[in-house]
Structure formats: C-alpha cells, structure tokens
Amino acid sequence: MTLSWTLTICTYNRPHFLVETLRCALRQTRRPSEVVIVDASDNWEDNRDQMVSEFTADWQDVTLVYVPADVRSLTFQRNQALGLATSDIVFSLDDDIYLYPDAAEIVMRVYEADVDDEIAMVTGQFTPGPYEPARKRSYPTMQTGADHSKLRQWFENQLTLDSHFVPYGDPVDMGPVPASVTHLNVFPSGLVNGGRTTFRRKFATESGWTELLRYYATHEDSDFSYRMSQFGRLVVAPDAGFFHADGNDSKASRFRINTIRVRNLLALHAVHSPNRVRSALRCAASFAKFMGLYVAIDAAQKRISFPTVRAYAYGIAQIPVFLFFPIRNFKKWYIDMQERMYGDRYKS
C-alpha cells in the first residue's frame, strides 16, 4: 500500500526560516505530493512569490497551495491548512522545522505498514544542532548512574509535555505498538509536540485544533494529540530526524507565560471535559504539584519573586471561574481574555 503525504506549514513574518524548511522538505528521499502554506504576514504575497521563484523546478511535480490566513491565529491557521490538504498523511510542521533527508520516508514506512489504521500519529526525534543533513545522527538515550541522579531523573520526568497536560479522560495508551509495525524501530509515544506532528488526515478532520486558543496558544499541540489518541495510537519513529532551528522563545514574562499556560488548560477542560468535577480535582492536583516543584526550581534559578509558583497558585484560584461559573458565551469571554493577556501579537 502506497500513501501520499502533504506538508502543511503555518507561518508569520519568517520567510528566512520558511525557505529553509521548504528546502529540506523538497530534498526528502520521499517527496511530498503537495505543500500547503498558510501565511499570516501582511506581505504574504511577497513571501509566496519568493517561495515560488526559489523552488520553481520543484513545483512542476509538487503542488503548491499558498494562501493568506483567514485568521491570524495558530490554531485557525492549522485548521485552514488541514482543510486544504488532500493527501492520506499530513506533516504539520512549524516554519522552522528542518527534516533530515530520510525523515519522511521513515515516517511513511510506519503508516504504510499499519494496514489496519491502528496508528493515528507518528512523530520523529528532535536532534541536537547544528543541522547537518549529511552527518550520521546519534540520538540521545536515557542516562543513568553518576551522570543522572535519581532525583534529577524524577524532576525531569515531572516536566515533560505529558506531565504538564491534564487529560480530559483516560491517559494516552502507552502499551505495546500494533503487531503490524513491530519489525520497525517504533515505540509508543506520549503527547506530540506541534513542531514534529504527522497524522492520518481522515482522523484529524474529525478532531482538528481547538480554535478557542489564540495568540500564545500553549497546550494546542497537547490538546490535539490527546484527542487524536482517541482515534488511534501515537508512536515515535526515533530514526526520523527533525531539527528545530529557532525555538521562537516568547519575550513575555515567566509569570505571564505560565498564567496563560494554566488558563489555556482550564479553558480546554471547559470545552472538552465530560466531567468538570473530575477535571477540577485533576487540575488542582497538577497545579499544586507544579507549585511544589517550582519552589525549588525558581529558587535554584534565583527567581526571587517565584513567578512560576505564583502562576500555578493563581491557576488553582481560577478553577471555579473556568469550570463552574455560568459564563455566557464562554468562547468570546476567553478570546477577549487572551487579547488582554498577550496583546496584539498577530494583529497588524
């Protein structure tokens, strides 16, 4: 069985990264059948023309769909790109993710071996820099012994993507991978970071990204991959190399970032949770845990105002507001709140 794949990219004022991301994708040992780019930039047409001229020969056999964003918001842009994709498999990448030359081939091999469609998402491995496509890659492994104390291991395990996200129902299935792919180098995966997301399009069209999250949309990838896990397994193919060129760290304060993090999580529970009492208890326990962890971490980093601790304490206080107050038109209320929290990042 041969499947096709589409690369979708959401971008905003970063053509210098976008051109390299496209270069890596179009030099894959297994090229995409189409590329869909949703650009939120004011000068999106200039960016489009640059990408068309840079890769003129490639667009002879790879379809390019380059459109302006209907809404300047990552979740909206991702859904817009998903709606334009036509392939079986979608690689939804940030505009600064450089694929190693065989990454798509390795990922697609997993999907094609999974003949019963038991796998919903396949992710690869982020590699340390610099990006050198001809270099033989070695992937980080779990360290033990003197290099990695048990206490440090425990702390790191508490700070993973899965640990920060509070599920609405059952946790992600981390059992053995489907029998059809056991001959491949594939392992169960927890939640998937948005920068290295690939998925079966037919499942994603039933899920999509939660457009309630705008501007600084932290947790959008955890939410998407968690809901995708209800359709099939999430797996990682560690031989598929992905390189994150920039990181795009926010300039907002640590307190502000973590306040947005906890509010976004509560908002997601408000719209997706089938049991708000259970969600309230789970979120309270999670926030309390992070308060305790960050007492030590903030202190070790000499953050004497304890910004992260305060953000999670504030999150606990906000639980009744998000989950139990009768807010009319919750979506508008929370979008307005995000504008006050993060300002006009996506507005001209």
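The rules we used
- Along every chain, residues carry numbers that run from 1 in the direction the sequence is written.
- Local features in this predicted model are restricted to residues of pLDDT 70 or higher, and side-chain atom pairs are both shown and tallied only at a pLDDT of 80 or more, whereas totals for entire chains, interfaces and linings draw on every residue.
- The side-chain figures draw on all heavy atoms in the structure; neither hydrogens nor water molecules are used.
- To form a nonpolar core, buried Ala, Val, Leu, Ile, Met, Phe, Trp, Tyr and Cys residues must be joined to one another through side-chain atoms within 4.5 Å.
- Three exposure classes are used, based on accessible area relative to the maximum for each residue type with a 1.4 Å probe and protein chains only: buried under 20%, partly exposed in between, and exposed over 50%.
- Numbering of helices and strands starts at the N terminus; helices are DSSP runs of H or I of at least 4 residues and strands are runs of E of at least 2.
- Should any heavy atoms of two residues lie within 4.5 Å, those residues are considered in contact.
- Here a Phe, Tyr or Trp ring, Trp counted by its six-membered ring, pairs with any other such ring whose centre lies within 6.5 Å, and the pair is stacked when the planes are under 30 degrees apart, edge-to-face when over 60, and tilted otherwise.
- For this analysis, a polar contact is any N or O atom pair within 3.5 Å, provided that within protein one partner can donate a hydrogen and the other can accept it, and provided that sequence-adjacent residues contribute only side-chain to side-chain pairs.
- The term salt bridge refers to a pairing of a side-chain nitrogen on Lys or Arg with a carboxyl oxygen on Asp or Glu at a separation within 4 Å.
- An axis is simply a line fitted to the C-alpha atoms; with a helix, the fit covers only the stretch in contact. Between two such axes, the angle follows the N-to-C directions and lies from 0 to 180 degrees.
- Here the word oblique covers every angle except those under 35 degrees (roughly parallel), over 145 (roughly antiparallel) and from 65 to 115 (roughly perpendicular).
- Side-chain classes are defined by residue name, with Ala, Val, Leu, Ile, Met, Phe, Trp, Tyr, Cys and Pro counting as nonpolar, Asp, Glu, Lys and Arg as charged, and the others, Gly among them, as polar.
- A helix is expected to span 1.5 Å multiplied by its residue count minus one.
- The directions considered for the arc are those from the helix axis to the C-beta atoms.

The next subject is the nonpolar core. Within the largest apolar cluster, 48 residues are counted, with the highest numbers of intra-cluster contacts made by Met121, Phe199, Met228, Phe287, Phe322 and Tyr334. Broken down by secondary-structure element, the contributors of at least two residues to this core are strand S6 (119-126), helix H7 (201-207), helix H8 (220-228), helix H9 (254-272), helix H10 (276-300), helix H11 (307-324) and helix H12 (330-342). Counting residues per element, this core draws most heavily on H9, at eight residues. Aside from chain neighbours lying at most four places away, what touches Phe287 is Val262, Leu265, Leu266, Tyr312, Gly315, Ile316 and Ile319.

Position of Gly292 among the secondary structure elements: in helix H10. Along the sequence, Gly292 and Val309 sit 17 residues apart, while their C-alpha atoms lie 7.6 Å from each other.

Glancing now at the packing of aromatic side chains. All told, the structure shown has 24 aromatic pairs when counted by the stated rule. Aromatic pair Phe330 and Tyr334: ring centres 6.3 Å apart, planes at 10 degrees, arrangement stacked. Of this pair, Phe330 and Tyr334 are both found in helix H12, four residues apart, which corresponds to roughly one turn of the helix. In this pair, the class of Phe330 matches that of Tyr334, namely buried. Aromatic rings pair up to connect Tyr98, Tyr100, Tyr131 and Phe243 into one cluster.

On to the side chain of Asp114. Examined against the element boundaries, Asp114 turns out to sit in the loop between helix H4 (103-113) and S6. Here Glu118 takes part through its backbone nitrogen, which lies 2.9 Å from a polar atom of the side chain of Asp114. The residues contacting Asp114, other than those within four sequence positions of it, are Ile119, Ser180, Val181 and Arg200.

The next thing to look at is the pattern of salt bridges. Applying the stated rule across the entire model yields 21 salt bridges. In this structure, Arg31 engages Asp61 in a salt bridge whose closest nitrogen and oxygen atoms are separated by 2.7 Å. One end of the pair, Arg31, is in the loop between helix H1 (15-26) and strand S2 (34-39); the other, Asp61, is in the loop between helix H2 (44-54) and strand S3 (63-68), with 30 residues separating them in the sequence. When its relative accessible area of 55% is taken as the criterion, Asp61 is described as exposed.

So, about the packing of H9 against H12. It is the contact of H9 with H12, at a shortest axis distance of 11 Å, that shows an interaxial angle of 175 degrees. Taken as axis vectors, H9 and H12 run roughly antiparallel relative to one another. For the pair H9 and H12, the contacting residues are Arg256, Ile257, Ile260, Arg263, Asn264, Ala267, Ala270 and Val271 in the first and Phe330, Tyr334, Met337, Gln338, Arg340, Met341 and Tyr342 in the second. Classifying every residue of the contact of H9 with H12 by side-chain character gives ten nonpolar, two polar and three charged.

Taking 1.5 Å per residue, 13 residues should reach 18 Å; H12 reaches 18 Å between its end C-alpha atoms and fits that length. Where H12 is concerned, the buried positions are Phe330, Tyr334, Ile335, Met337, Gln338, Met341 and Tyr342. Down the axis of H12, the smallest arc covering the buried residues is 160 degrees, so these residues share one side. Looking at the packing, one finds that the buried side of H12 touches H9 and H11.

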